[in-house]
Amino acid sequence: MVVLGDGEFDHIRMLSHLRQRGWDFCLRVASDTYIVVEGEMRRLDSFGFGPGDMLWLPGVQLTKACTYGPVNVFLTWDAKHDRLLALVLQALLDRTTVR
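Residues numbered from 1 in each chain as written. Predicted model: local features only at pLDDT ≥ 70, side-chain atom pairs only at ≥ 80, totals over all residues. Heavy atoms only, no water.

### Concerning the overall build of the protein chain
- On a plain count of helices and strands, the protein chain comes out with one helix and seven strands.
- Start at the N end of the protein chain and walk to the C end: the helices and strands fall as β-α-β-β-β-β-β-β.
- Here the protein chain holds 99 residues, and 33% of them are scored as buried.
- Put simply, 39% of the contacts in the protein chain that link residues at least 6 apart link residues at least 24 apart.
- Surface summary for the protein chain: the accessible area is close to 6300 Å², and the carbon and sulfur share equals 53%. (Helix = DSSP H or I, 4+ residues; strand = E, 2+ residues; numbered from the N terminus. Buried < 20%, exposed > 50% of the residue type's maximum accessible area, 1.4 Å probe, protein only. Contact = heavy atoms within 4.5 Å. Areas by Shrake-Rupley, 256 points an atom, 1.4 Å probe, with all protein chains shown as cover.)

Structure follows, in structure tokens:
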């Protein structure tokens with residue numbers, strides 16, 4: 001089972017519940033979400049994204065009130081809405097998945 005969700009589903013309790021059930025997920029998160037990547041805490045919107053940019057961040061920790069992970073984060077530019085699109089995934093992606 002794969003759960004797809006918008007920003008309302010990015011709560012740590014929801015992610016934990018999905019993982020306990022063994023379900024994969026792909027959930028949009030706010031661009032001001034903090035992650036820990038390579039030991040450094042960063043906001044997702046701090047990567048300086050623009051049209052045509054994509055970034056895959058495997059095995060990072062989400063941080064807000066508490067830390068959760070590891071999860072995978074995919075960042076890309078949403079040309080229709082002219083903003084960063086940030087997705088948190090339990091599943092792995094390969095290059096053929098993202099087009």
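Resuming the write-up.
### Side note on the confidence of the model for the protein chain
- Summarising the model, the protein chain shows a mean pLDDT of 83, and 85% of its residues fall at 70 or more.
- The least confident element of the protein chain, judged by mean pLDDT, is strand E1 (residues 2-5) at 74; the most confident is strand E4 (residues 40-43) at 93.
- Across residues 95-99 the pLDDT falls below 50, and counting only partners more than four positions away or on other chains, this stretch makes three contacts in the model. (pLDDT = per-residue confidence, 0-100.)

### Re the nonpolar core
- Residues Phe25, Ile35, Leu44, Leu57, Val73 and Leu75 are the most contacted members of the largest nonpolar core, which totals 21 residues.
- At the level of secondary structure, the elements contributing two or more residues to this core comprise helix H1 (12-21), strand E2 (24-29), strand E3 (34-37), strand E5 (54-63), strand E6 (67-78) and strand E7 (83-89).
- It is E6 that provides the largest number of residues to this core, a total of four residues.
- In contact with Leu75, not counting residues within four places along its chain, are Leu44, Phe47, Phe49, Asp53, Met54, Leu55, Leu57, Leu84, Leu85 and Ala86. (Core = buried A, V, L, I, M, F, W, Y, C linked by side-chain atoms within 4.5 Å.)

### Remarks on the environment of Asn72
- If you trace the backbone, Asn72 turns up in strand E6.
- Since its relative accessible area comes to 8%, Asn72 is described here as buried.
- Taking the C-alpha atoms as reference, Asn72 lies 5.3 Å from Gly59; in sequence the two are 13 residues apart.
- Engagement of the side chain of Asn72 in a polar contact is seen with the backbone nitrogen of Gly59, the distance being 3.1 Å. (Polar contact = N/O pair within 3.5 Å; in protein donor to acceptor, adjacent residues only side chain to side chain.)

### Some remarks on the sheet that holds E6
- Pairing in this open sheet of seven strands is mixed, and the strands run E1-E2-E7-E6-E5-E3-E4 from one edge to the other. The sheet terminates laterally at E1 and E4, the two strands that pair on one side only. Mean inter-strand twist for the sheet, computed between neighbouring axes without regard to direction, equals 35°.
- One ladder, built from four bridges, connects E1 with E2; its direction is parallel. Bridge assignment links Val3 to a residue of E2, and that residue is Phe25.
- Along the sheet, H1 makes contact with E1, E2, E5 and E6, crossing E6 at roughly 105°. (Pairing = 2+ DSSP bridges. Axes fitted to C-alpha atoms, helices over the stretch in contact; angles between N-to-C directions.)

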